[in-house]
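The lines below spell out each chain.
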Amino acid sequence: MDNIERLYKCYEILSEAGDKISEHVDEYKEILKAVKGTSKEKRLASQFIGNFFKHFPDLADTAIDAQFDLCEDDDTQIRRQAIKDLPKLCQGNADATIRVGDTLAQLLILDDPTELQQVNNSLLAIIKLDTKSSIAGLFQQISTGDETTRERCLKFIATKLLTMGPTVITKEIEDIIVEEIKKALQDVTADEFHLCMTILGATKLGSTITGHAELVKLATEQAELNNTDADIIAVDDEVVERFIQCASAAAPYFSKTIKSTAFVAHVCDKLLPIKTWNMIATAVSQDQIQLRLLKVFAEMITNTDKLDNASERINAVYHVLLEYMPLPKLSDEDLGDTPPSFQFSHAECLLYALHTLGKNHPNSLSFVEDAEKLKDFRARLQYLARGTQGYIKKLEESLKGKTGEELKTEENQLKQTALKTTSNINVLIRDLFHSPPIFKHDIVLSWIVPKNNKLGKRHAPITFGEKAAANGKDKEQEPEKKARSSNDQRFYSPPSGKYSNKVNQSYGNNNRTRQRGGGSGGGYRNRRFNKY
């Protein structure tokens with residue numbers, strides 16, 4: 001009898017043994033030995049091992065190891081078969097389920113899409129059989145695996161596990177996930193931190209005020225707001241990147257109840273002083289980093305409580321804003337078809353920040369009390385307004401007459417956002433140009449898309465001085481009320497050139513080299529960031 005016939009004979013004996021199956025240890029051992037045989041023997045062994053696994057507990061470790069050997073075979077078909085058969089080992093056996101879950105978690109790094117799909121299917125299958133034991137295996141790899149394995153496991157939890165519904169994700173399971181992810185946060189890369197916060201936001205923590213407060217607390221701890229000073233920030237790009245990541249994770253959860261004051265104060269005190277601002281990210285693409293920082297700053301500032309030292313903190317915003325509002329270089333003649341070069345995205349963020357803080361602290365705008373500073377500020381505003389109006393005109397002409405389908409192209413989507421940015425600047429300038437500044441308008445930041453948003457709302461041209469007074473009142477259409485951004489913190493990348501140069505093309509995709517340990521308290525400490 002050849003080996004294949006013998007395997008079928010062993011299978012037949014075990015299948016017909018009934019209550020006496022445990023007496024046929026030799027036949028089961030023969031099946032286990034077949035994992036060292038030919039390709040056909042290995043495929044048969046893979047199918048047979050799981051069928052009788054529960055009847056031979058004394059051979060459980062040997063059987064599991066034999067199945068794992070097949071998962072590492074050189075033959076792709078054998079590997080796929082072995083991975084497919086792994087869930088058979090998990091029926092009614094918690095210890096085996098943990099081991100299988102751990103192994104499948106390691107296999108999530110496979111590149112072959114067919115094999116990876118089988119790994120996902122097998123993981124989902126064992127999770128349905130024994131969720132608690134299965135995710136224990138996953139979290140073992142999150143705790144001890146290398147960076148790639150950890151990230152794949154976290155992505156599986158975020159995209160697969162949490163979508164399995166309440167029959168699988170019971171309160172007990174969700175509690176386990178929350179606690180394990182909190183443990184994982186003690187030692188994470190930036191990408192892992194982003195995934196962990198995404199996972200936590202999809203649990204009960206993302207649906208209650210108490211949960212939101214806890215998520216903000218976790219992000220605050222990671223940001224280490226009290227452990228950085230200007231000198232460190234100026235020379236350490238990683239500190240700035242960590243703050244941006246943590247602030248972006250916290251931003252969706254700020255509200256009238258949960259305030260962003262600590263983050264906003266940190267930006268004003270530690271990041272916006274001109275000496276520090278000009279040294280941020282000098283070794284990389286400075287405009288990219290600074291714009292990402294300004295965007296999250298602008299998103300957070302709406303939910304800030306009354307600031308201590310408000311005058312000094314508003315001054316910090318004011319001085320950085322001046323960097324993006326140059327003094328006029330042209331005469332009073334029309335600017336023509338070529339507007340001056342402005343970084344409109346940066347200007348929008350800073351004008352919005354100054355406008356919002358001024359509204360909340362109307363008596364703390366110290367530059368308004370200085371006649372020379374106010375004159376200078378108004379001249380810069382007027383010059384920016386002229387450039388903005390010229391660009392709005394070109395954008396509106398470019399978008400005029402476009403069909404709905406044409407407006408969906410990437411180029412036209414960028415132009416629509418550019419139009420929103422410059423229109424926002426127009427509205428903010430109108431308020432700030434008043435003497436003293438007024439704060440009657442609310443705007444929707446250009447990268448935040450409100451519901452029922454419509455393209456191309458026209459704004460009346462901004463006029464100044466006597467002409468403005470003659471008009472009597474503002475005629476532009478009231479902008480929509482401010483909308484909150486979604487939990488998915490995606491940053492818009494405007495076009496290059498005169499609109500805004502070298503802005504970030506992605507968010508949260510920074511590859512890092514994981515370094516275990518180092519310092520107490522966990523978090524990003526002692527991480528090194530690859531340059532963009």
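Here the structure is a predicted model, which means the values were calculated and not measured. (Residues numbered from 1 in each chain as written. Predicted model: local features only at pLDDT ≥ 70, side-chain atom pairs only at ≥ 80, totals over all residues. Heavy atoms only, no water.)

A. Representation of the overall build of the protein chain. Each helix and strand in the protein chain was counted, giving 22 helices and two strands. Per-residue burial over the protein chain gives 52% buried out of 532 residues. Taking the contacts inside the protein chain whose residues are at least 6 apart along the sequence as the reference set, 73% of them involve residues at least 24 apart. Counting every atom, the protein chain has about 25100 Å² of accessible surface; 47% of that belongs to carbon and sulfur. (Helix = DSSP H or I, 4+ residues; strand = E, 2+ residues; numbered from the N terminus. Buried < 20%, exposed > 50% of the residue type's maximum accessible area, 1.4 Å probe, protein only. Contact = heavy atoms within 4.5 Å. Areas by Shrake-Rupley, 256 points an atom, 1.4 Å probe, with all protein chains shown as cover.)

B. Broad picture of the confidence of the model for the protein chain. Of the residues in the protein chain, 80% reach a pLDDT of 70 or more, and the chain-wide mean stands at 82. With pLDDT under 50 throughout, residues 451–532 is counted as low confidence; its partners more than four residues away or in other chains account for 199 contacts. (pLDDT = per-residue confidence, 0-100.)

C. Quick peek at the pattern of salt bridges. One pass over the structure, following the stated rule, counts 24 salt bridges. Notably, a salt bridge pairs Lys204 with Asp175, separated by 2.4 Å at the nearest N-O pair. Of this pair, Lys204 sits in the loop between α11 (190–201) and α12 (209–223) while Asp175 is found in helix α10 (residues 171–184), placing the two residues 29 residues apart along the sequence. Of the residues examined, Asp175 reaches a relative accessible area of 23% and is grouped as partly exposed. Across the pair Glu411 and Lys415 runs a salt bridge whose closest N-O atoms are separated by 3.3 Å. Within this pair, Glu411 and its partner Lys415 are both found in helix α21 (residues 410–433), separated by four residues, close to a single helical turn. Here Glu411 falls in the exposed class, since its relative accessible area comes to 51%. Several salt bridges converge on common partners, so that one network encompasses Asp61, Asp65 and Arg99. (Salt bridge = Lys/Arg side-chain N within 4 Å of Asp/Glu carboxyl O.)

D. A look at the nonpolar core. Residues Tyr28, Ile49, Ile177, Leu351, Leu354 and Phe377 are the most contacted members of the largest nonpolar core, which totals 153 residues. Of the domains in this structure, domain 1 (205–305) and domain 2 (308–329 + 341–447) are the two that each give at least three residues to this core. Other than its neighbours up to four places away in sequence, Leu351 contacts Leu321, Met325, Leu381, Leu384, Ile425, Leu428, Ile429 and Leu432. (Core = buried A, V, L, I, M, F, W, Y, C linked by side-chain atoms within 4.5 Å. Domains from an automatic or database assignment.)

E. Local environment of the packing of α12 against helix α14 (residues 237–250). Look at α12 against α14: their axes get within 9 Å of each other, and the N-to-C directions meet at 175 degrees. By the angle class used here, α12 and α14 are roughly antiparallel. Side by side, α12 and α14 meet where Val216, Ala219, Gln222 and Ala223 of the first sit next to Arg242, Cys246 and Ala250 of the second. Considered class by class, the residues forming the contact of α12 with α14 number five nonpolar, one polar and one charged. (Axes fitted to C-alpha atoms, helices over the stretch in contact; angles between N-to-C directions. Parallel < 35°, antiparallel > 145°, perpendicular 65-115°, else oblique. Nonpolar A, V, L, I, M, F, W, Y, C, P; charged D, E, K, R; others polar.)

F. Here's a closer look at the environment of Thr131. The residue Thr131 is located in helix α8 (residues 131–144) in this model. A residue is classified by how much of its surface remains accessible, and Thr131, at 12% relative accessible area, is buried. Sequence separation between Thr131 and Ala94 is 37 residues, and the spatial gap between their C-alpha atoms is 9.8 Å. One polar contact links the side chain of Thr131 to the main-chain carbonyl oxygen of Ile127, over a distance of 2.6 Å. (Polar contact = N/O pair within 3.5 Å; in protein donor to acceptor, adjacent residues only side chain to side chain.)

G. Structural detail: the side chain of Ser134. Positionally, Ser134 belongs in helix α8. A residue is classified by how much of its surface remains accessible, and Ser134, at 0% relative accessible area, is buried. Excluding its chain neighbours within four sequence positions, the residues that come into contact with Ser134 are Thr97, Gly101, Ile126 and Ile127.

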